[in-house]
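Fold and geometry: a report
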Amino acid sequence: MTAGGALAAIGAIWAASALGTPADDVELPVIASEFDVASELQASWGVGDIPSSAAPDVVGAFRFLCSPGQLLYDDPIVYPGEPGKSHLHQFFGNLEADAHSTYASLRRSGDSTCNNRLNRSAYWMPAMLNGQGQVIKPNFVSIYYKRIPSSSPDCVGTGDEPAMKCVTLPRGLRFIFGYDMVNMKGEKTGGGYYNCKGPTARPGVYPDILAAAKNCPDGNQLGAIIAAPNCWDGKNLDSEDHRSHVAYRTRKGGGKARCPKSHPYRIPTFTLSAWYDTDETMNRSGKWDPENPGWHLSSDIMPGMKPARPGSTFHTDWLGAWDDEVLAIWTEHCIDRLLSCSGGDLGNGRQMKLTHGYKFDGKPRIVDVPPHPQGQAVEEHRRHGVATEKRGKQKS
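Counting of residues starts from 1 at the beginning of each chain's written sequence and follows it residue by residue. Reporting in this predicted model follows two pLDDT cut-offs: at least 70 for local features of residues, and 80 or more for side-chain atom pairs to be given and counted; totals over whole chains, interfaces and linings ignore these cut-offs and use all residues. Computation of side-chain values covers all heavy atoms of the structure but excludes hydrogens and water.

This part takes up the state of the cysteines. Linking two cysteines covalently via their sulfur atoms produces the bond known as a disulfide. The definition used for a disulfide is geometric: two cysteine sulfur atoms within 2.5 Å. Tallied over the entire structure, the rule returns 5 disulfides. Ordering the disulfide-forming cysteines of the protein by sequence position, one finds them joined as 1-2, 3-4, 5-6, 7-8, 9-10.

The biggest cluster of nonpolar side chains holds 57 residues, and the ones touching the most others in it are Phe62, Tyr123, Tyr145, Phe270, Leu272, Trp322 and Trp330. Helix numbers and strand numbers start at the N terminus; a helix is a DSSP run of H or I with at least 4 residues, a strand a run of E with at least 2. If you list the elements that add at least two residues to this core, you get strand E2 (60–66), strand E5 (122–126), strand E8 (140–147), strand E9 (174–178), helix H4 (209–213), strand E11 (221–227), strand E15 (269–277) and helix H5 (324–335). Per element, the largest residue contribution to this core is 6 residues, and it comes from H5. Residue contacts are counted whenever heavy atoms from the two residues lie within 4.5 Å of one another. Setting aside its immediate chain neighbours within four residues, Leu272 contacts Phe92, Tyr123, Met125, Val141, Ser142, Ile143, Ala224, Ile225, Ile226 and Thr316. Residues belong to a common nonpolar core when they are buried Ala, Val, Leu, Ile, Met, Phe, Trp, Tyr or Cys residues joined through side-chain atoms within 4.5 Å. Throughout, exposure labels follow a simple rule: accessible area from a 1.4 Å probe, protein chains only, divided by the maximum for the residue type, with under 20% read as buried, over 50% as exposed, and the rest as partly exposed. The next biggest cluster of nonpolar side chains, apart from the first, holds 11 residues, and it includes Ile77, Phe91, Ile176 and Leu319.

This brings us to the pattern of salt bridges. The term salt bridge refers to a side-chain nitrogen of Lys or Arg lying within 4 Å of a carboxyl oxygen of Asp or Glu. Inspection of every chain in the model, using the stated rule, returns 12 salt bridges. In this structure, Lys85 and Glu82 form a salt bridge, with 3.2 Å as the shortest nitrogen-oxygen distance. Asp218 serves as the salt-bridge partner of Arg284, at 2.9 Å between the closest nitrogen and oxygen. Pair noted here: Arg284 is in the loop between E15 and strand E16 (296–297) and Asp218 is in the loop between H4 and E11, with a separation of 66 residues, a long-range link. Taken together, the shared-partner salt bridges connect Glu27, Arg171 and Asp324 into one network.

Our next topic: the packing of aromatic side chains. Where two aromatic rings form a pair, the distance of their centres and the angle of their planes describe that pair. What counts as a ring pair is set by centres within 6.5 Å for rings of Phe, Tyr and Trp (its six-membered ring), and what kind of pair is set by the plane angle: stacked under 30 degrees, edge-to-face over 60, tilted for all other angles. Under the defined criterion, the tally for this structure stands at 18 aromatic pairs. Centroid distance Phe64 to Trp322: 5.8 Å. Interplanar angle 75°. Geometry classified as edge-to-face. Taken together, the positions of Phe64 in strand E2 and Trp322 in the loop between strand E17 (315–319) and H5 put the pair 258 residues apart, joining distant regions of the chain. Pair check on accessibility: Phe64 and Trp322 agree, each one buried. Here the aromatic rings of Tyr276 and Trp295 are separated by 6.3 Å at their centres, their planes lie at 80°, and the arrangement is edge-to-face.

Okay, structure coming up:
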C-alpha cells in the first residue's frame with residue numbers, strides 16, 4: 001500500500017462512523033516511513049492465517065510484545081527539551097526517544113523494541129528498583145490495544161443515546177495516565193495495579209508492590225499493569241496537565257459505561273503489562289518501612305518528597321508515532337472486524353516481524369542506576385535502595 005493508499009484507508013475508517021470527525025487541523029501532518037513498509041512484514045505466523053473472531057468479547061484486539069529499552073531521567077511530555085529533569089524512566093518502543101522527542105522526530109528515526117519500527121511510538125514508566133538500589137528491567141512488556149468496532153450500536157447511536165464516535169488514534173496524540181505526580185493522587189478509574197504469575201504464585205489484583213510481594217515468592221513474576229484512557233475530546237492532542245484532553249468511560253446509574261460528553265471520541269485504548277522476575281530483595285513482610293522498602297518505583301522515593309508506599313505512584317506516558325499505513329490496517333481489521341490479533345498480527349494475513357530493537361530475553365535484567373546527566377548525587381544504599389536528600393543538599 002502506498003502513502004496515498006494509507007490516507008485513503010484512514011479516511012475510510014473515519015467515514016465508517018458516519019458521525020462527523022474532529023476538526024481537520026487537529027491531527028499533525030502525515031510523515032511517511034522512510035523505509036519499505038513491506039520489508040517489516042511477513043505472512044501471519046508463516047502461512048498468512050486470519051485471526052479468529054474475538055466474540056463473544058465485544059472488542060477487537062491488537063496485541064504485541066515489547067522488550068525494555070533505554071533508561072533516562074527524561075520525560076518528553078512533562079519536561080520537553082530538558083534532559084535530566086525527571087525521575088528515572090524505563091522506556092519501551094522507539095530507541096531514540098528522549099527529552100527532545102516529538103511526533104515528527106519519532107516518526108523520522110529510531111528502531112523499536114515493540115516488534116519493529118512500524119511502531120515508533122514511545123511508552124515509558126518509572127523504573128523498577130530492587131532492595132539494593134539497582135534497576136530491575138522487565139523480562140517483557142505486553143501491549144494490548146482494544147476498542148469496540150465502529151459498526152457497533154454504541155458507535156452508531158441508538159434511540160436517544162448519543163453515539164461515541166469510534167475513531168482511530170489521531171496522529172500526534174500524547175498523554176499521561178495513572179498516578180498524578182503533580183497533585184500526588186491516584187486515579188479512580190484506570191489506575192495501575194500489580195499481579196503475580198508462576199508455579200507458586202497467588203494471582204490477584206494488588207494495589208501496590210508490598211501487597212503483591214506477599215503473594216509472589218521467588219521463582220515467579222511480578223506484573224505491573226495499567227490501562228490507558230479510551231476517550232478523547234477531539235480537539236486537543238495534548239493539554240496543560242497532559243491528561244484533561246483524554247478520559248475514561250464511566251458508568252452511571254448501573255447503565256452501560258460511556259465516554260463523557262466532553263470527550264465523545266472513543267479511541268483504541270491500550271493496556272500495558274510489564275513482567276519482572278522476582279528475587280530475594282523483595283520486601284515480602286507486607287509491612288512498609290521507608291528506610292527498607294525493598295522493590296519500589298523510582299517515583300516512590302525522590303529527593304525533596306515524602307516517600308510513598310512502594311508501587312503506589314505507578315503511572316505511564318505515551319507519545320504515539322505509528323506508521324499511518326499499519327495503524328490503518330490493524331484498526332480496520334483487528335478492531336473494526338472484531339478479531340483477536342496477537343503477536344503483531346495485523347488481521348489481514350500480514351504480521352509485524354520481530355526485528356531491530358526487540359530482544360527476546362530482556363537481558364541484562366539487573367543493571368546499576370545510570371549516572372545522572374546533570375551530575376546530581378543519588379545516594380545508593382545497597383541495604384535500603386533509598387535515594388535521600390542528604391547528598392543532594394551537600395552538592396547544591
